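Chains, contacts and geometry: an overview
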Amino acid sequence: MGVKNLWDILESCKKTLPLHHLQNKRVCVDLSYWLIQLQNVTKNPALKKDKIYLRNLFHRLRALIALNCSLIFVTDGSIPAIKLSTYRQRLGSSSEVSRVELNSQSTSSLPRNKGSEFSCMVKEAKILGLALGIPCLDGLEEAEAECALLNAESLCDGCFSADSDVFLFGAKTVYRDICLGESGYVICYEMEEIERKLGFGRNSLISLALLLGGDYSQGVHGIGPETACQIVKFVGDDNVLHRITSEGLAFAKKAKASMKQGQVVKRNAGKENGLDHKKNMSESKQNPVPDDHFMQVINAYLKPRCHLPESAAVQRVFIPHPFQRTKLQQICEQFFGWSPEITDEYILPKIAERDLRRFANLRYASSDLGVGILFHEIPVTCPVSAVLKRRKVHGRECFEVSWEKVDGLKTSTVPAELVESACPEKIAEFLERKDEENNQKRRSKPKKCGNKSAPNEIDRQLHELSLTTEPPQGITNQNLTYPSIVETEVIDLLTPSPPLRLCSKVTRCQQPNHQNVDDAIDVSESENEASPEHARKARELRLFLASINEQS
C-alpha cells in the first residue's frame, strides 16, 4: 500500500509515456507487485490453475526484452518489525503473525512463509526470468526499498512498484503501471517533477506518511490529505522532520494554529480537517504514541535494511545472464504445454531484435566518441545478414530480415527505423539488389510479336513494293491497278494458287480491266518486238493476270 492517499496527492505529476520509453534502460521490478497485478486479472480459480498469470508475465517480459530493457527482479525478504502490526491487520487472524510478539520495540523482522501459495508463484516467476536471462535479487526486507536504493545510486534507471512509499525510500523514477500492445504505455512519476510542481522533497513525503498513516504508522486522527499537505508546505522540507521528532503530535496542532493565524488555511478547511483539542487529548490518552515512535518511522524510511551497492549479492545481478533456450523450452512445456517450436516462435524474434538494438547502441556509442569505424571493420558481427523485403505491420514501416548466427531463427520482421540505425549498409545492399533485379526483368522481357503484328508488317512490305515498282511501258495507272512486284521477292508465277498471304492482299486490290490490259500487252509486244526485255515482261504480266482471273 505505502502511504495513504499519496498517489492522489501526486496525481498532477503523473506522466503517460509510450512503451518505447523503456528502450535500452535498466529497470528494477518489485516482483511481488507484478504478480499481484497479474493475479488480480485472473481471479478465476480455473485460470489460476492454468497459470495464466505466469503466461501474462512471459508476454510482458518478451515485449520488454525486444526493447533491450534490462530487468532485475527484486523479491521481498523478512517483514520489518515496525510493519508487523500492519501486516497482522491485513492478514486478519493469521497464525503466522500470532506466533510472535508484535511489539515493534522488542521484535526483530519476521521471515515470510516460503511454503505459501504466493511464495510458490514468486519462485516460478524467478525460474522463468532466469531462463530469459533476467537475474533476481532477494531483498533483506522490503523489495521496494531495495529497488529505491539501486535507483538512488544510479544503478538502474527506474523501478516498477505500486507502493507509494518507494519515494520515501529514495527512488527517483517510479513506473507504476504498464500496458502492452501497439499503443502500449507506462505510467511514470519523477521525483524531480514532484519537487518542482508540489514542493515536496523526500523529507516532506516522510512527514506526510507520519500525518496520514501508512505501513509504518497510523497517522494523526483528524488530519486529511489537504491539511497535511498545507502543514508540510508551511513548515518546509528542510525543517519538517526536525519539528516532528522534537514536538511529536503537538507539531501538527501548532502548525495548524500557525497557519490559521497567518490566514493560510481556508475557512472551510477547518470544517473538513478541523482538530478538536479536547478530543485529540482524549484520543492521545487512549492510543498513546511512544516518544521515539516518529524517529523509528523516519529511520525505517531513511535507513532501510537493504543489500548495499558494493555487496556481492548486488554485484551478482549485474553480471550478464545468458538466455537459456533449452531451459525455457522445458519450462514453457511444463507450465503452458507449449511445444519447443511454439516457444521459439514467441521468444526468438524478440531475442534477435534485442541483439540488433545492442549492435545499434554500439555503433552509436562509437560514433558519439568520434571513432569512425567502417561497417566491415566492426569487431562485433551484425546480427542481420540481409534485408529481404519491405513490410508494413499495423501501419508501421518494417523490414523482413534474415539473421546471422541466431540458432533456430532464419527470418523475422523488425521496425525499419531500427535497421536504419543499426545497419544502413544492409538497406543499401537491398536497394541495389532490387534495382538490379528490376533491370534484369526489363532486359529479359520479350518483345511483343504474333498474329496481331504480322498484318502490319505485310502491309508495310506491300506499300514499299508499290512505291518502288514501275508499271510496264504502255500501261498507265488509269487503266490498270495491280500489286507491285519487287525483284528481291521471288513469286512463283507457275503456281496455280498463290500463297494465302498474297491472296488475301490481292483480294483487297482494285480489280483490273482485263480487256484493256490485254490490248495494252498486245500493243506493247507489237511495238517492242525488237526489245526482248519488253517482250519478257509482257509475258510475265499476262501470266500474272491469268492467275488473278483464275482466283476470281
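Residues numbered from 1 in each chain as written. Predicted model: local features only at pLDDT ≥ 70, side-chain atom pairs only at ≥ 80, totals over all residues. Heavy atoms only, no water.

As a further point, take the overall build of the protein. A tally of helices and strands in the protein yields 25 helices and 10 strands. Of all 552 residues assigned to the protein, the portion counted as buried reaches 42%. In the protein, the proportion of contacts linking residues at least 24 apart, taken out of those at least 6 apart, comes to 66%. When the accessible area of the protein is evaluated, it comes to approximately 31,000 Å², of which 50% is carbon and sulfur surface. (Helix = DSSP H or I, 4+ residues; strand = E, 2+ residues; numbered from the N terminus. Buried < 20%, exposed > 50% of the residue type's maximum accessible area, 1.4 Å probe, protein only. Contact = heavy atoms within 4.5 Å. Areas by Shrake-Rupley, 256 points an atom, 1.4 Å probe, with all protein chains shown as cover.)

If you trace the three strands from one edge of the open sheet to the other, you get β8-β9-β10, paired in antiparallel fashion. Each edge of the open sheet is held by one strand with a lone partner, namely β8 (384-393) and β10 (411-415). The average undirected angle you get between the axes of adjacent strands in this sheet is 30 degrees. Sheet analysis places β8 next to strand β9 (residues 396-403), joined by eight bridges and oriented antiparallel. For Val387, the partnering residue across the bridge sits in β9 and is Val401. On the sheet, helix α21 (residues 424-444) packs against β8 and β9 and is oriented at approximately 75 degrees with respect to β8. (Pairing = 2+ DSSP bridges. Axes fitted to C-alpha atoms, helices over the stretch in contact; angles between N-to-C directions.)

Pairing is mixed across the open sheet formed by seven strands, whose spatial order is β1-β7-β6-β5-β2-β3-β4. Unpaired on one side and paired on the other, β1 (15-18) and β4 (136-138) mark the two borders of the sheet. Neighbouring strand axes in the sheet, compared pairwise and without regard to direction, differ in orientation by 30 degrees on average. Two strands pair when backbone bridges link them, and strand β5 (residues 158-160) and strand β6 (residues 173-179) are joined in this way by two bridges, in the parallel orientation. Each residue of the ladder has a partner; that of Cys159, found in β6, is Val174. The sheet contacts of helix α7 (residues 117-131) involve β3 (70-75) and β4, and relative to β3 the element is tilted by about 155 degrees.

Counting residues in each nonpolar core, the largest one holds 63 residues, and the members touching the most others are Leu22 and Phe160. Not counting residues within four places of it along the chain, the set of residues in contact with Phe160 comprises Leu22, Val27, Cys28, Val29, Asp30, Tyr33, Trp34, Tyr175, Asp177, Ile178 and Val186. Counting 62 residues, the second-largest nonpolar core is a separate cluster that includes Leu205, Ala209, Leu241 and Ala300. (Core = buried A, V, L, I, M, F, W, Y, C linked by side-chain atoms within 4.5 Å.)

Buried residues dominate β9, accounting for six of its eight residues. Here β8 folds back onto β9, and the loop between the two strands holds two residues, one of which, His394, carries a positive phi near 55 degrees. With five bridges connecting them, β9 and β10 associate as antiparallel partners. Its bridge partner being in β10, Glu400 is matched across the sheet by Thr413.

This paragraph deals with the pairing of strand β2 (residues 26-30). The element β2 is extensively covered by neighbouring structure, given that four of its five residues are classed as buried. Of the strand pairs in this sheet, β2 and β3 are connected by five bridges, and their pairing is parallel. Paired with Val29 across the strands is Phe73, a residue of β3.

Once that is clear, we can look at the confidence of the model for the protein. Reading fine detail from the predicted coordinates is not recommended where pLDDT is low. Put simply, the protein has an average pLDDT of 79, and 69% of its residues get 70 or more. The low-confidence segment residues 497-514, where pLDDT is below 50, has 23 contacts with residues more than four positions distant or belonging to other chains. (pLDDT = per-residue confidence, 0-100.)

Further remarks concern the side chain of Ser78. As for its placement among the helices and strands, Ser78 is situated in the loop between β3 and α5 (84-91). Under the relative-accessibility criterion, Ser78 is labelled buried at 18%. Once residues lying within four places of it in the same chain are set aside, the contact partners of Ser78 are Ser109, Leu110, Pro111, Arg112, Leu140 and Glu141.

Right, let's talk about the side chain of Ser161 for a bit. Summarising the element assignment, Ser161 is placed in the loop between β5 and β6. Of the polar contacts made by the side chain of Ser161, one reaches the backbone nitrogen of Asp163; its length is 3.2 Å. Those residues within four positions of Ser161 in sequence are excluded, and the remaining contacts are Trp7, Asp30, Tyr33, Glu144, Val166, Val174, Tyr175 and Arg176. (Polar contact = N/O pair within 3.5 Å; in protein donor to acceptor, adjacent residues only side chain to side chain.)

According to the stated counting rule, one finds zero disulfides in the structure shown. Looking at Cys28, it has no disulfide partner, and the nearest cysteine sulfur is the one in Cys156, 3.4 Å off. Look at Cys28 and you get buried, because its relative accessible area is 0%. For the unlinked cysteine Cys188, the closest cysteine sulfur is that of Cys159, found at 9.7 Å. (Disulfide = S-S within 2.5 Å.)

With that settled, consider unusual backbone geometry. With phi around 60 degrees, Asn68 is a residue other than glycine that occupies positive phi space. Position of Asn68 relative to the elements: it lies in the loop between α4 (52-66) and β3. Accessibility expressed as a relative area gives 8% for Asn68, which makes it buried.

In this section: the packing of aromatic side chains. Evaluated as defined, the whole model comprises 15 aromatic pairs. Measuring from centroid to centroid gives 6.4 Å for Phe58 and Phe336, while their planes differ by 55 degrees, and the two rings are tilted. In this pair, Phe58 is assigned in helix α4 and Phe336 in the loop between α18 (325-335) and α19 (340-368), connecting sequence segments 278 residues apart. Residues Phe58 and Phe336 agree in their burial class; the two are buried. A centroid spacing of 5.5 Å and a plane angle of 65 degrees characterise the contact between Phe58 and Trp338, whose relative ring orientation is edge-to-face. Taken together, the residues Phe58 in helix α4 and Trp338 in the loop between α18 and α19 connect sequence positions 280 residues apart. For Trp338, a relative accessible area of 9% corresponds to the buried category. An aromatic cluster is defined as three or more aromatic residues linked by ring pairs; in this entry it consists of Phe58, Phe335, Phe336, Trp338 and Tyr346. One Lys or Arg, Lys51, reaches over the ring of Phe335 and ends 5.6 Å from the middle of that ring. Over the face of the ring belonging to Trp34 we find Arg60, whose NZ or CZ atom lies 4.8 Å from the ring centre. (Phe/Tyr/Trp six-rings, centres within 6.5 Å; stacked < 30°, edge-to-face > 60°. Lys NZ or Arg CZ within 6 Å of the ring centre and 35° of its normal.)

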